[in-house]
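Each chain is listed here by its residues.
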Amino acid sequence: MRIGIVVDSACDLPDGYLDAHQLVLLPISVRIGDTVLPDNRDEQATLAFLQGPLIAQGAEAETIPYSAAQIRDLFLQRLVTDYDQVFCMTITRTRSPLHDNAVQASYAILNEYKPIRQAAGYNSPFSLRVIDTQNLFAAQAVSAVEAVRLRDSGATVPQMRERLEQVAGNVHGYMVTRDLYYMRARARHKGDRSVGLFSAALGSALDIKPVLHGYRGNTEPVAKIKGFDNAVQTLFGFVGKRVIAGLMTPVLCVSYGGPLEELRALPGYQQLRDTCQQQGVQLLEAVMSLTGMVNVGKGAVTIGFADGPHTFG
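Residues numbered from 1 in each chain as written. Predicted model: local features only at pLDDT ≥ 70, side-chain atom pairs only at ≥ 80, totals over all residues. Heavy atoms only, no water.

K.L.:
I tried to follow the packing of aromatic side chains on my own but got confused; where do I start?
P.N.:
In this description, a pair of aromatic rings is defined by centroid distance and the angle of the planes. Taken as a whole and judged by the stated rule, the model has seven aromatic pairs. Taken together, Y174, F238, F305 and F312 form an aromatic cluster joined through their ring pairs. Cation over ring: R2 sits above Y122, and NZ or CZ is 4.3 Å from the ring centre. Here R178 stacks its cationic end above the ring of F228, 3.9 Å away from the centre of that ring. (Phe/Tyr/Trp six-rings, centres within 6.5 Å; stacked < 30°, edge-to-face > 60°. Lys NZ or Arg CZ within 6 Å of the ring centre and 35° of its normal.)

Following this line, the structure appears as structure tokens:
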């Protein structure tokens, strides 16, 4: 059976990973003023954006996910003949309409695919499963990597479906951002009041950086630490302990809102890399997507892994 895996632009996977593992992308576009930038997970284009004039207007950007009609067209024009089963893995539905658009499109796809497949010489049924990864950015990538592992190991479709739903419900994402003022401006532009003016002003004045935890569709601060370097060092140390304790899947995904050389120079990161190597855990590093960067700001760190319930500390 030919199994396809579909992800969206916010899924922070390393440069070249999509092509190497035949993943299909649902691109998200970013509109800044009159300029529309497609987020095709092009690392060089994203880094060029950071050096360009539009970065100053990033907080006012509008992200435009594929509509239900666009998803339907992609599947009917290409995927229903390229594959027999597709797993479409989306950014958490609590932060984007993309998941609901994919679910809506799936009804039309499953109603309309038969004559298209028959014309291409395929008489077998086509199946589609839309999975909410329940997370963002690097954490979103954990489920995609597990899907690739399962497919390549010869897992059956029912086995993949059950396992991917299980993993999505147990992925933990952590993030530290550099600029709370940016986060507040971005949140206000989107109508999200979760980052208040007082909190942003106080955090910036005292150089306090919150550690945000994403889990099962919810995002909340779990620590406030003085200084960005201290915050990421504390985060890397904590994640290293979870790696040693044993993860649900042998992968750790990290993304950074800038060149990866900057990520690798952060305090505590080399130790985390060493820990992963010692424990046989694959560490995947990615430049954060353009979609992610306009939402959380330049220089943010996100990290994701599958693990049981735990408390940050």
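There is more to say after this.
K.L.:
What should I look at first to understand the nonpolar core in this one?
P.N.:
Looking at soluble globular proteins, one finds that nonpolar side chains tend to be buried together. Core analysis: the biggest nonpolar cluster contains 64 residues, and F75, F236, V239, L252 and I303 have the highest contact counts within it. For this core, the element with the most residues is helix α9 (residues 228-245), which contributes eight residues. Membership of the second largest hydrophobic core comes to 32 residues, among which are A139, A144, V171 and C253. (Core = buried A, V, L, I, M, F, W, Y, C linked by side-chain atoms within 4.5 Å. Buried < 20%, exposed > 50% of the residue type's maximum accessible area, 1.4 Å probe, protein only. Helix = DSSP H or I, 4+ residues; strand = E, 2+ residues; numbered from the N terminus.)

K.L.:
Explanation requested: the sheet that holds strand β5 (residues 62-64) in the structure shown.
P.N.:
Within a sheet, adjacent strands bond to each other through the backbone by hydrogen bonds, running parallel or antiparallel. Spatially, three strands are ordered β4-β3-β5 in an open sheet, and the strand pairing comes out antiparallel. For this open sheet the edge positions go to β4 (35-39) and β5, each flanked by a neighbour on one side alone. Averaged over all pairs of adjacent strands, the angle between strand axes in this sheet comes to 25 degrees, irrespective of strand direction. Relative to β5, strand β3 (residues 28-32) is paired through three bridges, and the arrangement is antiparallel. Residue pairing for β5: R31 is matched across the bridge by E62. (Pairing = 2+ DSSP bridges. Axes fitted to C-alpha atoms, helices over the stretch in contact; angles between N-to-C directions.)

K.L.:
Can you walk me through the pairing of strand β10 (residues 218-226) in this structure?
P.N.:
As a general feature of sheets, a regular strand has side chains that alternate between the two faces. As defined by bridge partners, strand β9 (residues 208-215) adjoins β10 across eight bridges and the pair is classed as antiparallel. Among the inter-strand pairings, G214 is bridged to a residue of β10, identified as T219.

K.L.:
What should I look at first to understand the side chain of T275 in this one?
P.N.:
Of note, T275 is situated in helix α11 (residues 269-279). For T275, a relative accessible area of 9% gives the class buried. Excluding residues within four positions of it along the chain, T275 makes contact with G240, V243 and I244. (Contact = heavy atoms within 4.5 Å.)

K.L.:
Any chance you could explain the pattern of salt bridges here in plain terms?
P.N.:
Pairing is possible between side chains of opposite charge, provided their charged atoms come close. Applying the stated criterion across every chain, the model contains 16 salt bridges. Among the salt bridges present, the one from R151 reaches D152, with a minimum N-O distance of 3.1 Å. Look at R151 and you get buried, because its relative accessible area is 16%. Counted as one network, the salt bridges with shared partners bring together R2, D84 and R117. (Salt bridge = Lys/Arg side-chain N within 4 Å of Asp/Glu carboxyl O.)

K.L.:
Please clarify how the sheet that holds strand β6 (residues 85-90) should be interpreted in this entry.
P.N.:
What the four strands build is an open sheet, ordered β2-β1-β6-β7; its pairing is parallel. Of all the strands in the sheet, the pair left with one neighbour each is β2 (23-26) and β7 (127-132). Averaged over all neighbouring strand pairs, the angle between strand axes comes to 25 degrees, with direction disregarded. Alignment of β6 against β7, held across six bridges, turns out to be parallel. Residue F87 lies in a different strand from β7, and its bridge partner there is R129. Packed onto the sheet, helix α3 (residues 68-82) meets β1 (3-8), β2, β6 and β7 and runs at close to 150 degrees relative to β2. Relative to β1, helix α5 (residues 137-152) is tilted by about 170 degrees, and along the sheet it contacts β1, β2 and β6.

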